[in-house]
Amino acid sequence: MSSSFSTPRDRARDAEHPLARAFASFTEAAGSLERTYGQLQGQVAHLRQELEGTNRDLATSLEENHRIRERLRRILEGLPCGVLVIEAGTRISTLNPEAERLLGGSFESADALPAALSAALDRARETSEEPELPLSGLNQDKPVWVAIRHAWLEQSEAHATSVFILRDVSEAKKLEQDREQLRRQQALVEMSALLAHEIRNPLGSLELFAGLLAEANLEAESHSWIEHVQAGLRTLSATVNNVLHLHNTPQPELAPTDAGQLLDWAYNFLLPLAKQARVEMQIINGLNGVTIHADRHRLEQVLLNLALNAFRFMPGGGWLSIRGVDCASAGSVENDEGVEIVVRDTGPGIVPDDLARIFEAGFSTRDGSSGLGLAVCHRILEQHGGSIAVESRPGCGATFRLRLPGNGATRAKHSSENIAEAAVESGARL
């Protein structure tokens, strides 16, 4: 006899069973979570890529910022003008090397700046002007003139920041002073030339009348007085002519000139001056009959200047020699044409340091001298195409050698530039 039993029903597999529904909900939630996690991973990867790109851009930006800052720092240090930045009223945040040089040091606060500079900074800030003032810089013997210009970097009350540009205007100031000095010198030159021109006319008359008196039949004592008057007038005439020749120099009037007669004139003209100075004169004239192409009046001025120069440096008396040599007859190697006139004295001589400046305009070792005599000699010889040189040692007197081309060999310099250079280079021992 058989019997059948029904299989027990698994309630857990019943879809309607609460446990089954719970497993189904869990499975669905797990799938949703897995999908969400995958999406999150994708977003994280995307954000990581964006972050890496942002980091690269930020690093590049920082590097560029550092490079720009370094470039600005180098530019600031290399600027030829000073830069001064003042923040919050008194704090100095920037002071480049040029500003340190102009201000005479480094400062951290505006309160430590000199009072005159602080006043100039305030004036530049308030008036927008560009004041100028002298400042004592580092390792500088004289003050540096500085011009100050202001600009606002930030003008708010809480963060007011001023930028000051400092310019060294010392050279401009010096040029301005030089121009003013040159203007005054030019006015003095014009006045001197005018006075010399006005004095020369009556002076010529006085010399003429003194010469007539000297030729008159006067007593010995009166004749001696006339010689003193002549000496004084000739000295004054030389000074007047020096002023005119140095500051108003027309071209020489060249003509055939007997060099021997020139030396004969020198002896007769200089003799009263030599007697007054108690100086013995000697003329060695080897130029009789030798003709040169020259302006005799100008050469007379040269010999007069050299003689007066010697007399003034021999107040206790001495000896003066003027010797003329025909270079062609003497067989000179240096100059086979022309003449040489040597003027030698027994004065105190010239120290080596002064020899290089002996022909500079205005140079003199004697108090009260105008320093024009040798300047004029140098210029006149140069205009004639010749030269003048000096040889001297202290205590051994001085020797001046004048070289002049002969006959048609004269090479007078007509260039105004050469004349201007001669005026600057010339000088005197008077």
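Remember, it's a predicted structure, so these values are computed and weren't measured experimentally.

## Focus: the overall build of the chain
Logical step 1: Helix and strand counts for the chain come out as 11 helices and 12 strands.
Logical step 2: Across the chain, every contact between residues at least 6 apart in sequence was considered, and the portion connecting residues at least 24 apart equals 67%.
Logical step 3: Here the chain displays about 26,000 Å² of accessible surface, and carbon together with sulfur accounts for 53% of that area.

## As for the sheet that holds strand 3 (residues 132-135)
In any sheet, the strands associate via hydrogen bonds between backbone groups, in a parallel or an antiparallel arrangement.
Logical step 1: Judged by pairing direction, the sheet is antiparallel, and its five strands sit side by side in the order 2-1-5-4-3 without closing on themselves. Here the strands that pair on one side only, and so sit at the sheet edges, are strand 2 (91-95) and strand 3. Each neighbouring strand pair of the sheet contributes to a mean axis angle of 35°, computed without reference to strand direction.
Logical step 2: Both strand 4 (residues 144-154) and strand 5 (residues 161-168) contribute to a ladder of eight bridges, which runs antiparallel. When the bridges of strand 5 are listed, Ile-148 appears paired with Leu-166.

## Side note on the environment of Glu-70
Logical step 1: By secondary structure assignment, the location of Glu-70 is in helix 1 (residues 18-78).
Logical step 2: Here Glu-70 falls in the partly exposed class, since its relative accessible area comes to 23%.
Logical step 3: A polar atom in the side chain of Glu-70 sits 2.3 Å from the side chain of Arg-73.

## Some points on the packing of aromatic side chains
Logical step 1: Per the counting criterion, the structure on display carries one aromatic pair.
Logical step 2: Summarising the aromatic geometry, the rings of Trp-265 and Phe-269 are spaced 4.7 Å apart at their centres and angled 20° between planes, so their arrangement reads as stacked. Taken as a pair, Trp-265 and Phe-269 lie in helix 6 (residues 259-276) at a separation of four residues, close to a single helical turn.
Logical step 3: Residue classification places Phe-269 among the buried positions, given a relative accessible area of 18%.
Logical step 4: When the ring centre of Trp-145 is taken as origin, the NZ or CZ atom of Lys-173, which lies over that ring, is 4.5 Å away.

## Observations concerning the environment of Ile-380
Logical step 1: Of note, Ile-380 is situated in helix 10 (residues 373-383).
Logical step 2: Sequence-wise, Ile-380 and Pro-252 are 128 residues apart; in three dimensions their C-alpha atoms are separated by 8.1 Å.

## Focus on the pairing of strand 11 (residues 387-392)
Logical step 1: Of the two faces of strand 11, only the one carrying Ile-388, Val-390 and Ser-392 is buried; Ser-387, Ala-389 and Glu-391 on the other face are not.
Logical step 2: Here strand 11 runs beside strand 12 (residues 398-404); their pairing, made up of six bridges, is antiparallel. Residue pairing across strands places Ala-389 opposite Arg-401, the latter belonging to strand 12.
Logical step 3: Where strand 11 folds back onto strand 12 in an antiparallel hairpin, the turn is made up of five residues, including Gly-395, whose phi is positive at roughly 85°.

## Here we look at the nonpolar core
Logical step 1: Formed by 46 residues in total, the largest nonpolar core has its most connected members in Leu-270, Leu-306, Phe-311, Ile-341 and Phe-400.
Logical step 2: Setting aside residues no more than four positions away along its own chain, Leu-270 makes contact with Met-281, Leu-303, Leu-304, Ala-307, Phe-311 and Ile-322.

## With respect to the sheet that holds strand 11
Logical step 1: Read across the open sheet, the five strands follow the order 7-9-10-12-11; overall the sheet is mixed. Across the chains shown, the open sheet's two edge strands, defined by having one partner strand only, are strand 7 (279-285) and strand 11. When strand polarity is set aside, the average angle formed by the axes of neighbouring strands in this sheet is 15°.
Logical step 2: When strand 7 meets strand 9 (residues 318-326), the two strands line up parallel, connected through seven bridges. The partner of Glu-280 across the bridge, within strand 9, is Trp-319.
Logical step 3: This element, helix 6, spans strand 7, strand 9 and strand 10 (339-345) of the sheet and lies at about 175° to strand 7.
Logical step 4: On top of the sheet, helix 7 (residues 296-312) reaches strand 7, strand 9, strand 10, strand 11 and strand 12; it is set at about 175° to strand 12, its chief contact.

## A few points about helix 3 (residues 115-127)
Logical step 1: With 13 residues, helix 3 extends 18 Å from end C-alpha to end C-alpha; this agrees with the ideal 18 Å at 1.5 Å per step.
Logical step 2: The secondary structure elements touched by the buried residues of helix 3 are strand 1 (82-87), helix 2 (97-103), strand 3, strand 4 and strand 5.
Logical step 3: The first or second residue beyond helix 3 is Ser-128, which carries a positive phi of 60°.

## What about the packing of helix 7 against helix 10?
Logical step 1: For the pair helix 7 and helix 10, the least separation of the axes is 9 Å and the interaxial angle reads 150°. Here helix 7 lies roughly antiparallel to helix 10, going by the angle between them. Judged by the twist between their axes, the crossing of helix 7 over helix 10 is left-handed. Facing helix 7, whose interface residues are Arg-298, Leu-299, Gln-301, Val-302, Asn-305, Leu-306 and Asn-309, helix 10 presents Gly-373, Leu-374, Val-376, Cys-377, Ile-380, Leu-381 and Gln-383.
Logical step 2: Of the residues assigned to the contact of helix 7 with helix 10, the class counts are eight nonpolar, five polar and one charged.

What counts as what
- Residues numbered from 1 in each chain as written.
- Predicted model: local features only at pLDDT ≥ 70, side-chain atom pairs only at ≥ 80, totals over all residues.
- Heavy atoms only, no water.
- Helix = DSSP H or I, 4+ residues; strand = E, 2+ residues; numbered from the N terminus.
- Contact = heavy atoms within 4.5 Å.
- Areas by Shrake-Rupley, 256 points an atom, 1.4 Å probe, with all protein chains shown as cover.
- Pairing = 2+ DSSP bridges.
- Axes fitted to C-alpha atoms, helices over the stretch in contact; angles between N-to-C directions.
- Buried < 20%, exposed > 50% of the residue type's maximum accessible area, 1.4 Å probe, protein only.
- Polar contact = N/O pair within 3.5 Å; in protein donor to acceptor, adjacent residues only side chain to side chain.
- Phe/Tyr/Trp six-rings, centres within 6.5 Å; stacked < 30°, edge-to-face > 60°.
- Lys NZ or Arg CZ within 6 Å of the ring centre and 35° of its normal.
- Core = buried A, V, L, I, M, F, W, Y, C linked by side-chain atoms within 4.5 Å.
- Expected span 1.5 Å × (residues − 1).
- Parallel < 35°, antiparallel > 145°, perpendicular 65-115°, else oblique.
- Left-handed = near helix turned anticlockwise from the far one by under 90°.
- Nonpolar A, V, L, I, M, F, W, Y, C, P; charged D, E, K, R; others polar.

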